[in-house]
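# What the coordinates show
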Amino acid sequence: MSEALNEQELVDYIALKTNAAPAAIRLVLKHEQVFLNSAKANAKGEVDIDSDDIVDYVLSRRDVKLDELTVESILDTEMDFLMDKGIAGYVD
């Protein structure tokens, strides 16, 4: 995560919006980061990531005991937070 990003603020925001436990949120975000760090760039240097692939990856981790809807909610809410902060956005 970016140094400009306050992780506690992010976790608090997601917890408020999803009612997920902070420990579960941190676990999902940790696995998401591993997935993103291992993503390969194409010939143009771009990385195309499908959110369903991230959800599948997170759910496949042994230490994740959450249902698909909860993981999706955490990741969607994280994206809302990042977009609100001007840190991220969607590319069509």
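Here, the structure is the one placed above.
Below is a short write-up of the structure. None of the values given here were measured: they were computed from a predicted structure.

Criteria and thresholds
- Residues numbered from 1 in each chain as written.
- Predicted model: local features only at pLDDT ≥ 70, side-chain atom pairs only at ≥ 80, totals over all residues.
- Heavy atoms only, no water.
- Helix = DSSP H or I, 4+ residues; strand = E, 2+ residues; numbered from the N terminus.
- Rg over C-alpha atoms; globule rule 2.2 N^0.38 Å.
- Buried < 20%, exposed > 50% of the residue type's maximum accessible area, 1.4 Å probe, protein only.
- Contact = heavy atoms within 4.5 Å.
- Areas by Shrake-Rupley, 256 points an atom, 1.4 Å probe, with all protein chains shown as cover.
- Polar contact = N/O pair within 3.5 Å; in protein donor to acceptor, adjacent residues only side chain to side chain.

## Side note on the overall build of the protein
- Along its length, the protein carries four helices and zero strands.
- In terms of overall dimensions, the protein is globule-like: its C-alpha atoms have a radius of gyration of 13 Å, near the 12 Å expected for 92 residues.
- Seen through its C-alpha atoms, the protein measures out along the principal axes to roughly 40 × 30 × 25 Å.
- Buried residues in the protein amount to 27% of all 92 residues.
- Taking the intrachain contacts of the protein between residues at least 6 apart in sequence as the baseline, contacts between residues at least 24 apart amount to 49%.
- Total accessible area on the protein is roughly 6300 Å²; 48% of this is exposed by carbon and sulfur atoms.

## Observations regarding the environment of Thr18
- Tracing the chain through its elements places Thr18 in helix 1 (residues 7-18).
- Exposure remark for Thr18: the relative accessible area of 23% places this residue in the partly exposed category.
- Put simply, Thr18 and Ile74 are 56 residues apart on the chain and 6.7 Å apart in space, counted from C-alpha to C-alpha.
- In this structure the side chain of Thr18 is engaged in a polar contact, spanning 2.7 Å, whose partner is the backbone oxygen of Ile14.

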